[in-house]
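Close look at the chain arrangement
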Amino acid sequence: MANLLRRPFGAHGKVHEITPHSAGWRYVGFSLYRLRPGETVGEATGAMEAILVMVEGKAAVTAAGNDWGELGDRMDVFEKTPPHCLYIPNGENWTAVAITDCTIGVCLAPGQSGHAARRIGPEGITLTRRGQGSNTRFINNIAMEAEDYCDSLLVTEVFTPAGHWSSYPSHRHDEDDYPRITYLEETYYHRLNPAQGFGIQRVYTDDGSLDETMAVHNHDVVLVPRGHHPCAAAHGYEMYYLNVMAGPLRQWRFEPDPAHRWLLEGEAKT
C-alpha cells in the first residue's frame, strides 16, 4: 500500500497536518482545523505561501500584519455558496479566532514573495457546472491559473452529486513537460452529505506500478503523487472535495488515460 489515504487525527483541533516531508514529495502541504467558538490557532508560513479556506463557519483572522476581520458566512459546506479565503505569502504569520464552530483548510506550497496578502472570494467565485450526465459536478475555483493570486498554489472546490463521478474521465499531471503536461502534486480533502456516507477514489498509473482504490469518508484526505485519480460519490451521498495542487510551474496541463480518451468528446475535465 502507498499510504495515500489519510484519516483525521480526531474530531477537534488540528485534525490533519500533511507536509511535503510526510507525503514523500516536494511541493504540497495541507492542514485542517476544526474549532469551537473562542478557540485561537495560528502559524508562521515560513518558506510556504498559504491560502486559508473557510470551509464552513466564521473566524476573525489577522495575517501579514493586517486585521482582515471576520471571514466566512457558509455555515455548512453543502450550502455550496462561494467560500471566504485569505492568501498569505511566505515569511508571514497568521492567527484565527473562531467565532462559531468552524472548519479551516490551510493550503500550502512554496512561496517566492511574489504576491501580497489578499482576500479571495466570495466575490468573483461563481459555482460553475462541469461535465454531463452522471459526470456532472459543480466547481468553485478559488485560485486556479486564471487568478494571479499566488506563486505556486492552485486551489479549487468541487461538489459531486450523489451517484456521480468526478476528476473523470481519468487524467494525470505527473510530468514536467509544459505545455503538454505539468507536474502537479495534489491533495483531496473529502466531505460527504449525509456525513455517514462514503465515496471511492482510485489513484493509478498507466503502467500499473501504482494502483490503489480507497473508500473515502467524511474529513479524509487522499494524496495524489502521480497517476490518474478519479473519484465517485455513492448513491444517496453527495461529495465535496477541496483540491490543493502545486509543482515547479503554476500551470494545470494534463494527459487523459488513453483507455478513456474517447469520453472527452464534448466533456470538460477537473
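The notes below deal with the structure included here. Sequence positions are assigned chain by chain, starting from 1 and proceeding in written order. Under the rules for a predicted model, residues below a pLDDT of 70 receive no local features and side-chain atom pairs below 80 are neither given nor counted, while totals for whole chains, interfaces and linings still include all residues. As a rule here, side-chain values come from all non-hydrogen atoms in the structure, and water together with hydrogens is ignored.

Focus on the overall build of the protein
Counting from the N terminus, the helices are the DSSP runs of H or I reaching at least four residues and the strands are the DSSP runs of E reaching at least two. Helices and strands together make up the secondary structure of the protein, namely one helix and 25 strands. In this description the radius of gyration comes from C-alpha coordinates, and the expected globular size is given by 2.2 Å times residues to the power 0.38. The C-alpha radius of gyration of the protein comes to 17 Å, within 12% of the 18 Å expected for a compact globule of 270 residues. When the backbone C-alpha atoms are referred to their principal axes, the protein occupies close to 50 × 40 × 35 Å. Each residue's exposure class comes from its accessible area (1.4 Å probe, protein chains only) as a fraction of the maximum for that residue type: buried when under 20%, exposed when over 50%, partly exposed otherwise. Burial status across the protein gives 56% buried among its 270 residues. Any two residues whose heavy atoms approach within 4.5 Å are treated as being in contact. Taking all contacts inside the protein whose residues are at least 6 apart in sequence as the whole, residues at least 24 apart take part in 73%. Think of it this way: Lys and Arg go in the positive column, Asp and Glu in the negative one, and His and the chain ends go nowhere. A charged residue contributes its charge at one atom only: NZ of Lys, CZ of Arg, CG of Asp or CD of Glu. Of the charged side chains in the protein, 23 are positive and 34 negative; the average position of the first set lies 3 Å away from that of the second.

Focus: the side chain of Arg6
By the secondary structure assignment, Arg6 is in strand β1 (residues 5–6). One side-chain nitrogen of Lys or Arg within 4 Å of one carboxyl oxygen of Asp or Glu is enough to make a salt bridge. Within the buried set, Arg6 has no salt-bridge partner at all; the shortest N-O distance to an opposite charge, 10 Å, is to Glu17. Not counting residues within four places of it along the chain, the set of residues in contact with Arg6 comprises His16, Ile18, Ser22, Ala23, Asp220, Val221 and Leu223.

Digging into the packing of aromatic side chains
Classification of ring pairs uses Phe, Tyr and Trp, with its six-membered ring standing for Trp, and accepts pairs whose centres are within 6.5 Å; under 30 degrees between planes counts as stacked, over 60 as edge-to-face, and the remaining range as tilted. In the structure shown here, the tally under the stated rule is nine aromatic pairs. The interplanar angle of 80 degrees and the centroid separation of 6.5 Å between the aromatic rings of Tyr189 and Tyr240 together place this pair among those described as edge-to-face. Here Tyr189, found in strand β19 (residues 185–193), pairs with Tyr240, found in strand β24 (residues 238–246); they are 51 residues apart in sequence, far enough to count as distant. Residue classification places Tyr240 among the buried positions, given a relative accessible area of 0%. Here the aromatic rings of Trp252 and Phe254 are separated by 4.7 Å at their centres, their planes lie at 50 degrees, and the arrangement is tilted. On the accessibility criterion, Trp252 (16% relative accessible area) is buried. A connected cluster of aromatic rings, assembled from ring pairs, spans Phe30, Phe78, Phe159, Tyr189 and Tyr240.

A look at the pattern of salt bridges
One pass over the structure, following the stated rule, counts 16 salt bridges. Of the charged contacts in the structure, one is a salt bridge between Arg202 and Asp211, with a shortest N-O distance of 2.9 Å. Each of Arg172, Asp174, Glu175, Asp177, Arg180, Asp206, Glu255 and Arg261 takes part in a single network of salt bridges with overlapping partners.

Looking at the pairing of strand β20 (residues 199–204)
Here, a strand pair is defined by DSSP locating no fewer than two bridges between the strands. The pairing of β20 with strand β21 (residues 211–216) spans six bridges and is classified as antiparallel. Bridge assignment links Gly199 to a residue of β21, and that residue is Val216. Counting the residues that bridge the hairpin from β20 to β21 gives six residues, and of these Gly208 lies at a positive phi of roughly 80 degrees.

Quick look at the nonpolar core
Side-chain atoms within 4.5 Å link the members of a nonpolar core, which is a set of buried Ala, Val, Leu, Ile, Met, Phe, Trp, Tyr and Cys residues. Counting 49 residues, the largest nonpolar core has Ile51, Val53, Cys107, Ile142 and Leu242 as the members making the most contacts within it. Ranked by residues supplied to this core, first place goes to β24 with six residues. The contact partners of Cys107, leaving out residues within four places of it in the chain, are Gly29, Phe30, Glu49, Ala50, Ile51, Val53, Leu153, Val155, Leu242 and Val244. Within the second largest apolar cluster, 21 residues are counted, among which are Val41, Leu71, Ala96 and Ala98.

A few points about the sheet that holds strand β7 (residues 66–71)
Strands sit in the order β4-β9-β6-β7 across an open sheet of four strands; the sheet is antiparallel. The sheet terminates laterally at β4 (40–44) and β7, the two strands that pair on one side only. Averaged over all pairs of adjacent strands, the angle between strand axes in this sheet comes to 15 degrees, irrespective of strand direction. Relative to β7, strand β6 (residues 59–63) is paired through four bridges, and the arrangement is antiparallel. Across the sheet, the residue bridging to Ala63 is Asn66, located in β7. Each axis is a line fitted through C-alpha atoms, and for a helix only the stretch in contact is used; angles between axes span 0 to 180 degrees, taken between their N-to-C directions.

Regarding the pairing of strand β17 (residues 174–177)
Here β17 runs beside strand β18 (residues 181–183); their pairing, made up of two bridges, is antiparallel. Paired with Asp174 across the strands is Tyr183, a residue of β18. Counting the residues in the hairpin turn of β17 and β18 gives three residues.

Comments concerning the environment of Asn135
The residue Asn135 is located in the loop between β12 (128–130) and β13 (137–143) in this model. Each C-alpha atom of the pair Asn135 and Ala232 lies 9.1 Å from the other, and the pair is 97 residues apart in sequence.

Some words on the side chain of Arg191
Note that Arg191 resides in strand β19. By relative accessible area, Arg191 is classed as buried at 8%. N or O atoms closer than or at 3.5 Å make up a polar contact, with two conditions inside protein: a donor-capable atom paired with an acceptor-capable one, and, for residues adjacent in sequence, both atoms drawn from side chains. Looking at Arg191, its side chain comes within polar contact range of the side chain of Glu56, at 2.9 Å. Among the polar contacts listed, one links the side chain of Arg191 to the side chain of Asn218, at a separation of 3.1 Å. The contacts of Arg191, once residues within four sequence positions are left out, are Val55, Glu56, Val77, Phe78, Thr103, Asn218, His219, Glu238, Met239 and Tyr240.

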